[in-house]
Amino acid sequence: MNKDEMSARGGSAFGGKKIQYLDMLKQSFSITWENKFLWLLGFLIFLGSVGTNLNVNNNSAIEQGKKIQDIAALMQNNPKLTIALGLVLIVVMLALFLLRILAVAGTIKAINDINLYRQLSVIAILKEAKKYLGRLILLEVIVFVALILVMVVLAIPVLYLFALKAKLLAVFISIIAIAIIVPLAILAYYLHRYAAMYIILGDEKIKMSLESAYILFAKNVKESLIMALVVVATGLLMIMAIVISAILLAIVFVPLGFVLYLILAKTGIMITAVIAILICATASVIVFSWYEAFLQTFWLLFFKQIASEKNNEKMILEKLEVEGKIPSPEVV
């Protein structure tokens, strides 16, 4: 690919045309609301994301230390059980990691040609997305490892200075290291997101997709950062909506719980609590599933805009256009 082609692939900020973020939000909502099969794919993304980002709860340091000691004792007393559980945990997390990647690819593919893919089952869509799995995994590994290596390289002099007890110099170098890592982390995030789009929609190789992603981001830095802020804002609005809904649910169930308490004592409270928790959990999963599909739609619409040519509004990648053919019967 020559320099001119690479420049064209990078696109521009619409040749001076403003990006209509609000219109894209409305369109994303409309697409995901009218095509609820995307919610199933969103649920798989949500499930994979939760499963691969398990964190320890925010207890006090004393409580966490006690739990660590209990776990260590359990591991020493039951080595075979510990190994078995460890292997099961690794397998489950790996499966969820692969599921998330497949679901993201399938969602993007389906949104890009919604009229075609709404005719297929979720399993068929995932099978269709499977051909991108290897490249998407490699992309994640490359971006993640490169970022970790940079962080390690920057951390070494800081740790060395702290070991020498040169605290002032160590703090100064730490600030410089953070100033380097933060922009690199932002770059890594966009490289991964845009390169994945090129792989899924353009069927590109890893190297070419990363080149295209870098050029695209370099020419649309401001637009990309604004996009991230809009995404954060939608996430906060969604969380606020869930919290308000939970409060309203509590207002409804508190009187019910009181009535059942008068009739069934503690059993009535337990029944009310279980019902409320089930309703709240189910509603939250549905909302998060929709939101994951909504996010993928929003990012796809944004990507297709900034990846358009400067002199005309025709997409630069012919493969981003609807292919106009049904996937082979094997994937249905």
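Conventions and cut-offs
- Residues numbered from 1 in each chain as written.
- Predicted model: local features only at pLDDT ≥ 70, side-chain atom pairs only at ≥ 80, totals over all residues.
- Heavy atoms only, no water.
- Phe/Tyr/Trp six-rings, centres within 6.5 Å; stacked < 30°, edge-to-face > 60°.
- Helix = DSSP H or I, 4+ residues; strand = E, 2+ residues; numbered from the N terminus.
- Buried < 20%, exposed > 50% of the residue type's maximum accessible area, 1.4 Å probe, protein only.
- Polar contact = N/O pair within 3.5 Å; in protein donor to acceptor, adjacent residues only side chain to side chain.
- Salt bridge = Lys/Arg side-chain N within 4 Å of Asp/Glu carboxyl O.
- Core = buried A, V, L, I, M, F, W, Y, C linked by side-chain atoms within 4.5 Å.
- Contact = heavy atoms within 4.5 Å.
- Lys, Arg positive; Asp, Glu negative; His and termini not counted.
- Axes fitted to C-alpha atoms, helices over the stretch in contact; angles between N-to-C directions.
- Parallel < 35°, antiparallel > 145°, perpendicular 65-115°, else oblique.
- Left-handed = near helix turned anticlockwise from the far one by under 90°.
- Nonpolar A, V, L, I, M, F, W, Y, C, P; charged D, E, K, R; others polar.
- pLDDT = per-residue confidence, 0-100.
- Expected span 1.5 Å × (residues − 1).
- Arc of directions from axis to C-beta.
- 1 Å grid on protein atoms, 1.4 Å probe; cavity = no way out; pocket = protein on both sides within 12 Å on 5 of 7 lines; lining within 4 Å.
- Points joined across faces, edges and corners; volume = space filled by probe spheres on them.

1. Some words on the packing of aromatic side chains
1) Next: Applying the stated rule across the entire model yields 17 aromatic pairs.
2) Next: The interplanar angle of 75 degrees and the centroid separation of 5.9 Å between the aromatic rings of Phe-29 and Trp-290 together place this pair among those described as edge-to-face. Residue Phe-29 is found in helix α2 (residues 21-34), and its partner Trp-290 is found in helix α12 (residues 266-306); the two are separated by 261 residues along the sequence.
3) Next: A residue is classified by how much of its surface remains accessible, and Phe-29, at 41% relative accessible area, is partly exposed.
4) Next: You can call Trp-290 buried: its relative accessible area is 16%.
5) Next: Ring centres of Tyr-190 and Phe-217 lie 4.9 Å apart, and the angle between their planes is 15 degrees; on these two criteria the pair is classed as stacked. With a gap of 27 residues between them, Tyr-190 in helix α9 (residues 167-202) and Phe-217 in helix α10 (residues 206-218) connect regions that are remote in the sequence.
6) Next: Here Tyr-190 falls in the buried class, since its relative accessible area comes to 3%.
7) Next: Members of the aromatic cluster, connected to one another through ring pairs, are Tyr-21, Tyr-189, Tyr-190, Tyr-194, Tyr-198, Phe-217, Trp-299, Phe-302 and Phe-303.

2. Quick look at the side chain of Glu-204
1) Next: Looking at where Glu-204 falls in the secondary structure, it is placed in the loop between α9 and α10.
2) Next: In this structure the side chain of Glu-204 is engaged in a polar contact, spanning 3.4 Å, whose partner is the backbone nitrogen of Ser-209.

3. Concerning the pattern of salt bridges
1) Next: What the rule picks out here adds up to four salt bridges.
2) Next: Residue Asp-203 is joined to Arg-135 by a salt bridge in which the shortest nitrogen-to-oxygen separation is 2.7 Å. Of this pair, Asp-203 sits in the loop between α9 and α10 while Arg-135 sits in helix α8 (residues 133-163), and the two are 68 residues apart along the sequence.
3) Next: Take Asp-203: its relative accessible area is 33%, and that puts it in the partly exposed class.
4) Next: Judged by relative accessible area, which is 18%, Arg-135 ranks as buried.
5) Next: Here Lys-207 and Glu-211 are joined by a salt bridge, their closest N and O atoms 2.6 Å apart. You can see Lys-207 and its partner Glu-211 sitting in helix α10, four residues apart, about one turn around the helix.
6) Next: Residue classification places Lys-207 among the exposed residues on the basis of a relative accessible area of 60%.
7) Next: Given a relative accessible area of 24%, Glu-211 falls into the partly exposed group.

4. A word on the nonpolar core
1) Next: Leu-38, Leu-136, Leu-139, Tyr-194, Trp-299, Phe-302 and Phe-303 are the most contacted members of the largest nonpolar core, which totals 66 residues.
2) Next: Looking at this core element by element, the count peaks at 12 residues for α12.
3) Next: Residues within four places of Leu-139 in sequence aside, it is in contact with His-192, Ala-195, Ala-196, Ile-199, Ile-206 and Leu-210.

5. Considerations on the side chain of Arg-193
1) Next: Along the chain, the position of Arg-193 falls in helix α9.
2) Next: The side chain of Arg-193 sits in the buried core without any salt bridge; Glu-292 is the nearest counter-charge, 7.5 Å away.

6. Overview of the packing of helix α5 (residues 79-112) against α12
1) Next: Running from N to C, α5 and α12 cross one another at 60 degrees; their axes reach a closest spacing of 10 Å. The angle between the axes of α5 and α12 places the two elements in the oblique class. In terms of crossing hand, the pair formed by α5 and α12 is right-handed. Of α12, the residues touching α5 (which contributes Val-104, Thr-107, Ile-108, Ile-111 and Asn-112) are Ala-293, Gln-296, Thr-297, Leu-300 and Lys-304.
2) Next: Along the lines of polarity and charge, the residues of the contact of α5 with α12 split into five nonpolar, four polar and one charged.

7. Concerning the confidence of the model for the chain
1) Next: Chain-level statistics for the chain give a pLDDT mean of 82 and a share of 80% at 70 or above.
2) Next: For the stretch residues 309-332, pLDDT sits under 50, and the model shows 47 contacts to residues farther than four places along the chain or on other chains.

8. What about α2?
1) Next: Here α2 is 14 residues long and its end C-alpha atoms lie 20 Å apart, about the 20 Å a rise of 1.5 Å per residue gives.
2) Next: For α2, the set of buried residues is Tyr-21, Met-24, Ser-28, Ile-31 and Thr-32. Across the axial projection of α2, the buried residues extend over an arc of 90 degrees, all falling on one side. Residues of α2 that are exposed and point more than 90 degrees away from the buried face comprise Leu-22, Lys-26 and Glu-34.

9. Focus: the layout of surface pockets
Think of a ball as big as a water molecule: rolled over the atoms, this probe shows where empty space is left.
1) Next: Considering only enclosed or pocket space, the largest pocket measures out at about 910 Å³ in volume.
2) Next: Surrounding the largest pocket, 29 residues form its lining, Arg-100, Glu-140, Tyr-189, His-192 and Arg-193 being those nearest its centre.
3) Next: Contributions of two or more residues to the lining of the largest pocket are made by α3 (37-51), α5, α8, α9 and α12.
4) Next: Per-element tally for the lining of the largest pocket: the top contributor is α9, with eight residues.
5) Next: Residues that form the lining of the largest pocket fall into these classes: 21 nonpolar, four polar and four charged.

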